[in-house]
Amino acid sequence: MARYAGLRWWGPLSDDQVAALLGAPPARAPGGHAVDLACGRGALALWLARRAGMAVTAVDCSRAALDLLAADAAGLPITPTCADAVRWRPPAPVDLVGWLGGPPLGDSLAASLATLAGWLAPGGRLLVGLLHWTAPPPADWTAATGIDRAALPDADGLAAAVAAAGLVVEGRVAASRADWDHFEGTVAANLRAAPPDTPGRAPRLAFLDAQQRWGRDCLGHALLRLARAPGAPLSAAPR
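Residues numbered from 1 in each chain as written. Predicted model: local features only at pLDDT ≥ 70, side-chain atom pairs only at ≥ 80, totals over all residues. Heavy atoms only, no water.

A. Focus on the overall build of the protein. When its secondary structure is counted, the protein shows eight helices and seven strands. Taken over the C-alpha trace, the protein has a radius of gyration of 18 Å; the compact-globule value for 239 residues is 18 Å, and the two agree within 12%. Each of the three principal axes of the protein carries a C-alpha extent, and together these read 50 × 40 × 30 Å. When the 239 residues of the protein are sorted by exposure, 46% land in the buried category. Considering only residue pairs separated by 6 or more positions, the protein has 70% of its internal contacts joining residues 24 or more positions apart. Summed over all atoms, the accessible surface of the protein reaches about 10900 Å², with 57% contributed by carbon and sulfur. Across the protein, the centroid of the 21 positively charged side chains sits 3 Å from that of the 20 negatively charged ones. (Helix = DSSP H or I, 4+ residues; strand = E, 2+ residues; numbered from the N terminus. Rg over C-alpha atoms; globule rule 2.2 N^0.38 Å. Buried < 20%, exposed > 50% of the residue type's maximum accessible area, 1.4 Å probe, protein only. Contact = heavy atoms within 4.5 Å. Areas by Shrake-Rupley, 256 points an atom, 1.4 Å probe, with all protein chains shown as cover. Lys, Arg positive; Asp, Glu negative; His and termini not counted. Charge placed at Lys NZ, Arg CZ, Asp CG, Glu CD.)

B. Summary view of the nonpolar core. Counting residues in hydrophobic clusters, the biggest one holds 29 residues, and the most contacted among them are Leu-37, Leu-113, Leu-116, Leu-126 and Val-128. At the level of secondary structure, the elements contributing two or more residues to this core comprise strand S1 (33-37), strand S4 (94-99), helix H4 (109-117), strand S5 (120-133), helix H6 (155-164) and strand S7 (219-228). Take this core: its biggest share by element is five residues, from H4. Here Val-128 is in contact with Trp-99, Leu-100, Leu-113, Leu-116, Ala-222, Leu-223, Leu-224 and Leu-226, once residues within four sequence places are set aside. Ranked by size, the runner-up nonpolar core spans 27 residues in total, among them Trp-9, Cys-39, Leu-69 and Leu-96. (Core = buried A, V, L, I, M, F, W, Y, C linked by side-chain atoms within 4.5 Å.)

C. The arrangement of the side chain of His-221 in detail. Looking at the element boundaries, His-221 is found in strand S7. His-221 gets classed as buried once you look at its relative accessible area, which sits at 5%. Sequence-distant contacts of His-221, defined by excluding residues within four places in its chain, comprise Pro-12, Leu-13, Gly-129, Leu-130, Leu-131, His-132, Val-173, Ala-174, Ala-175 and Trp-180.

D. Up close: H6. Taken together, the buried positions of H6 are occupied by Leu-158, Ala-161, Val-162 and Ala-164. An end-on view of H6 places all buried positions within 165 degrees of arc, on one side of the element. Structurally, H6 contributes buried residues whose contacts are with H4, S5, strand S6 (167-174) and S7. The backbone nitrogen of Asp-156 has a side-chain oxygen 3.2 Å away, supplied by the residue at the start of H6, namely Asp-154. Among the residues trailing H6, Gly-166 stands out with phi positive, at a value near 75 degrees. (Arc of directions from axis to C-beta. Polar contact = N/O pair within 3.5 Å; in protein donor to acceptor, adjacent residues only side chain to side chain.)

E. Representation of the pairing of strand S3 (residues 78-82) in the model. The pairing of strand S2 (residues 55-60) with S3 spans five bridges and is parallel. Its bridge partner being in S3, Thr-57 is matched across the sheet by Thr-79. The parallel pair S2 and S3 is bridged by helix H3 (residues 63-72), and the resulting crossover is right-handed. (Pairing = 2+ DSSP bridges. Right-handed = clockwise from strand over helix to strand, strands pointing away.)

F. Representation of the environment of Gly-129 in the model. Relative to the assigned elements, Gly-129 resides in strand S5. Sequence-wise, Gly-129 and Pro-195 are 66 residues apart; in three dimensions their C-alpha atoms are separated by 31 Å. Setting aside residues up to four positions removed in sequence, Gly-129 forms contacts with Trp-99, Leu-100, Gly-101, His-221, Ala-222 and Leu-223.

What follows is the structure in structure tokens.
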């Protein structure tokens, strides 16, 4: 948790990115019910409640993160819910599902997206944040991070997963270099200020160093607004 001090969004995200995709019709309808899955400290849940007038169920397995959210959400229609994001399911269809990070919900990206699409009420939308390759990762980066090229899709792989889940892209915003620098620079500064024996400190700093050297040229983050494709069933399954 301490490594995210000073950050509202736990990724290369910003209010402006979210507003670009949800700040205009048809996605921004006042009211309705949303889910912020693997919400962290709930930046998306807070945005949806304050700016879109939505009731939000914010789901995460970290009680510490949810306590931070609860302190920020006083008086807002947000329900912090401590649960395993992989196993949790909404009791009824919802109008918007946010999935800006967290564990996969199936054995493929398409399966994860199809699971989320199955939670939507008619006319509902997904807002998902996905890492992907913008170029093949250099050998130095994969050696330093331990992340193989097969671990993430490229742009074509993203498009194929969206289509296989019965969805279409209505809007897309890519994280800028400034977004990455703000996020990773803040995390790195927090880690360097932490005691040397902090669990995970050394490997995380090594990863961030590799990102600074090589990652900006190969690793991207896309924020996507997705809707069901015309004719897609209400509960889609990857084809």
